[in-house]
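The residues making up each chain are set out below.
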Amino acid sequence: MIPFFLMLNDKNNQLKNDQSLCPIKMLTGFPCPSCGITKSIVSIYKGNLIESIGYHILGPITVVFCFLIIGLLSFEILTKKEYFNNYIYSRKLAYGLAIFIGVYHVIRLVYFIHEHSFQEILKESLWK
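Residues numbered from 1 in each chain as written. Predicted model: local features only at pLDDT ≥ 70, side-chain atom pairs only at ≥ 80, totals over all residues. Heavy atoms only, no water.

Please explain helix α6 (residues 58–79) as it appears in this structure.
Helical geometry: 3.6 residues make up each α-helical turn, so side chains three or four residues apart lie on a common side. The end-to-end C-alpha distance of α6, which contains 22 residues, comes to 31 Å, matching closely the 32 Å that a straight helix rising 1.5 Å per residue would cover. Burial in α6 covers these residues: Leu-58, Gly-59, Pro-60, Val-63, Ile-69 and Glu-76. Positive phi appears at Lys-80, one or two residues downstream of α6, with a value of about 60°. (Helix = DSSP H or I, 4+ residues; strand = E, 2+ residues; numbered from the N terminus. Expected span 1.5 Å × (residues − 1). Buried < 20%, exposed > 50% of the residue type's maximum accessible area, 1.4 Å probe, protein only.)

Okay, structure coming up:
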């Protein structure tokens, strides 16, 4: 819900230009594994898929996943059968997602370091 309210209050695309509130990025200047998801979800709400994927590849997937979880939980409540535990609580799914996020984050960091100078990275942190 927070990205939805941010979208409603995003006058003049200030969200795109504002400093990130991520504590890891503020301390180090480097993005954390989840940096950009909020901006990505706001872009999805605005209907801009390409910009959303540019901020974080898991943003659109997060929106779809949230709607699926809400639908699955609603269906489970209405039918009084347990589907949630069988499909969501999977060790293989958790390991696969962790490996994907780790690999994706390393690729993002390499790209981030390649595209930004030390001064630009320092500017993103508190140590300006």
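What exactly am I supposed to notice about the packing of aromatic side chains here?
The description of an aromatic ring pair uses the distance of the two centres, along with the angle that the planes make with each other. Counted under the stated rule, the structure contains two aromatic pairs. Aromatic side chains Phe-30 and Phe-112 sit 6.1 Å apart centroid to centroid with 65° between the ring planes, which places their arrangement in the edge-to-face category. One end of the pair, Phe-30, is in the loop between α3 (23–28) and α4 (37–46); the other, Phe-112, is in helix α8 (residues 91–115), and 82 residues separate them in sequence. Judged by relative accessible area, which is 11%, Phe-112 ranks as buried. (Phe/Tyr/Trp six-rings, centres within 6.5 Å; stacked < 30°, edge-to-face > 60°.)

Would you explain α4 in this entry?
All of the buried residues along α4 are Ile-37, Ser-40, Ile-41, Val-42 and Ser-43. Looking one or two places after α4, you find Gly-47, whose phi comes out positive at around 90°.

I would appreciate a short explanation of the packing of α4 against α6 in the present structure.
Pairs of packed helices are described in terms of their axes, by the angle between the two and the distance that separates them. Where α4 meets α6, the closest approach of the two axes is 8 Å, and the angle between their N-to-C directions is 70°. Compared by their axis directions, α4 and α6 come out roughly perpendicular. The element α4 and its partner α6 pack so that their crossing is right-handed. Touching Ser-40, Ile-41 and Ile-44 of α4 are Gly-59, Pro-60, Thr-62 and Val-63, all from α6. Its residues assigned to classes, the contact of α4 with α6 shows four nonpolar, three polar and no charged. (Axes fitted to C-alpha atoms, helices over the stretch in contact; angles between N-to-C directions. Parallel < 35°, antiparallel > 145°, perpendicular 65-115°, else oblique. Left-handed = near helix turned anticlockwise from the far one by under 90°. Contact = heavy atoms within 4.5 Å. Nonpolar A, V, L, I, M, F, W, Y, C, P; charged D, E, K, R; others polar.)

How do you make sense of the side chain of His-56 when you look at a structure like this?
Mapping His-56 onto the fold places it in the loop between α5 (49–55) and α6. His-56 gets classed as buried once you look at its relative accessible area, which sits at 1%. Not counting residues up to four positions away in its chain, the partners in contact with His-56 are Pro-33, Ser-34, Cys-35, Gly-36, Ile-37, Ser-40, Tyr-104 and Arg-108.

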